[in-house]
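In case you want the letters, here they are:
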Amino acid sequence: AQSVTQLGSHVSVSEGALVLLRCNYSSSVPPYLFWYVQYPNQGLQLLLKYTSAATLVKGINGFEAEFKKSETSFHLTKPSAHMSDAAEYFCAVSPQGGSEKLVFGKGTKLTVNP
Amino acid sequence: KAGVTQTPRYLIKTRGQQVTLSCSPISGHRSVSWYQQTPGQGLQFLFEYFSETQRNKGNFPGRFSGRQFSNSRSEMNVSTLELGDSALYLCASSHGNRGTDTQYFGPGTRLTVL
């Protein structure tokens, strides 16, 4: 069975600072991994996904994530935070060659301070 | 291309009633998945429909059911509502290629049970 752990339910950074949101996964089979963002009163928007190609994945809005099998991690980073990045971020996993079922972490709420 | 639409956006029901939520996927998508989002449990997978057949199911009681029509539109029904069913219900659509495709989420239906 797959599971996802997001370390830190709340992260606060200053505008222009590095954003680092942590995600560790557990999967009995090689996984697909995803990061989604949710703005207030909206659905989820895909930021990026790892599907066993390059381990460094670049997404939208300047975000990227690196798949590290040895650490079972898929941390999300952005070099310089913008005020518009304030939102809740979810890491998710699904089994490769498996299904549309996504298992989500509990989410990390990012606050960006001016 | 129109995104995933969900109707209604907001619903207020009382305990014991039943409710039907609707999801229209992106044109050409054959898979529709449903998720429940609550502050306590986070995002949880309910079920997935592909070509009018339930392909995956999460761990929810039988009060939660769904169906998909030939045009890929999907409905989910919750019978005998309980206070704990208050949540944001999200649907997502994709081409349904066993997890390799991006899932696109709708804005959700906010259900409040009084």
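Shown above is the structure to which this text applies.
The sections below set out a description of the structure shown in this document. (Residues numbered from 1 in each chain as written. Chains lettered and ligands numbered in written order. Predicted model: local features only at pLDDT ≥ 70, side-chain atom pairs only at ≥ 80, totals over all residues. Heavy atoms only, no water.)

## Some words on the nonpolar core
Core analysis: the biggest nonpolar cluster contains 27 residues, and A:Trp35, A:Leu47, A:Leu48, A:Phe74, A:Leu76 and A:Tyr89 have the highest contact counts within it. Listing elements by their share of this core, those giving two or more residues are β2 (10–14), β3 (19–26), β4 (31–38), β5 (44–50), β7 (64–68), β8 (73–78), β9 (87–95) and β11 (108–113) of chain A. Excluding residues that lie within four positions of it along the chain, A:Tyr89 makes contacts with A:Gln6, A:Leu21, A:Trp35, A:Tyr36, A:Val37, A:Leu47, A:Phe63, A:Leu76, A:Gly107, A:Thr108 and A:Leu110. Residues B:Val32, B:Leu46, B:Phe47 and B:Val113 belong to the second largest nonpolar core, which totals 21 residues. (Core = buried A, V, L, I, M, F, W, Y, C linked by side-chain atoms within 4.5 Å. Buried < 20%, exposed > 50% of the residue type's maximum accessible area, 1.4 Å probe, protein only. Helix = DSSP H or I, 4+ residues; strand = E, 2+ residues; numbered from the N terminus. Contact = heavy atoms within 4.5 Å.)

## Some words on the state of the cysteines
Residue and element names in this part refer to chain B. Per the counting criterion, the structure on display carries two disulfides over all chains. Two residues, Cys23 and Cys91, share a disulfide whose sulfurs are 1.9 Å apart. In this structure, the disulfide formed by Cys23 and Cys91 twists by about 70 degrees around the S-S bond and is classed as right-handed. Taken together, the residues span a long stretch of sequence, with Cys23 in strand β3 (residues 19–24) and Cys91 in strand β9 (residues 87–94) at a distance of 68 residues. The pair formed by Cys23 and Cys91 is uniform in burial state, with each residue classed as buried. (Disulfide = S-S within 2.5 Å.)

## Here we look at the environment of A:Leu33
Residue and element names in this part refer to chain A. Assignment of secondary structure puts Leu33 in strand β4. Leu33 gets classed as buried once you look at its relative accessible area, which sits at 0%. It is 9.9 Å that separates the C-alpha atoms of Leu33 and Phe104, two residues lying 71 residues apart in sequence. Among residues more than four places away in sequence, those in contact with Leu33 are Tyr25, Leu48, Lys49, Tyr50, Phe67, Phe74, Ala92 and Val93.

## Points about the sheet that holds β3(A)
Residues and elements named next belong to chain A. Strand order in the open sheet formed by five strands is β1-β3-β8-β7-β6, with antiparallel pairing between adjacent strands. Lying at the two open borders of the sheet, with one neighbouring strand each, are β1 (3–7) and β6 (56–58). Within this sheet the neighbouring strands show an average axis-to-axis angle of 20 degrees, counted without direction. In the sheet, β3 pairs with β8 via four bridges, with the strands oriented antiparallel. Looking at the pairing, Asn24 lines up with Ser73 of β8. (Pairing = 2+ DSSP bridges. Axes fitted to C-alpha atoms, helices over the stretch in contact; angles between N-to-C directions.)

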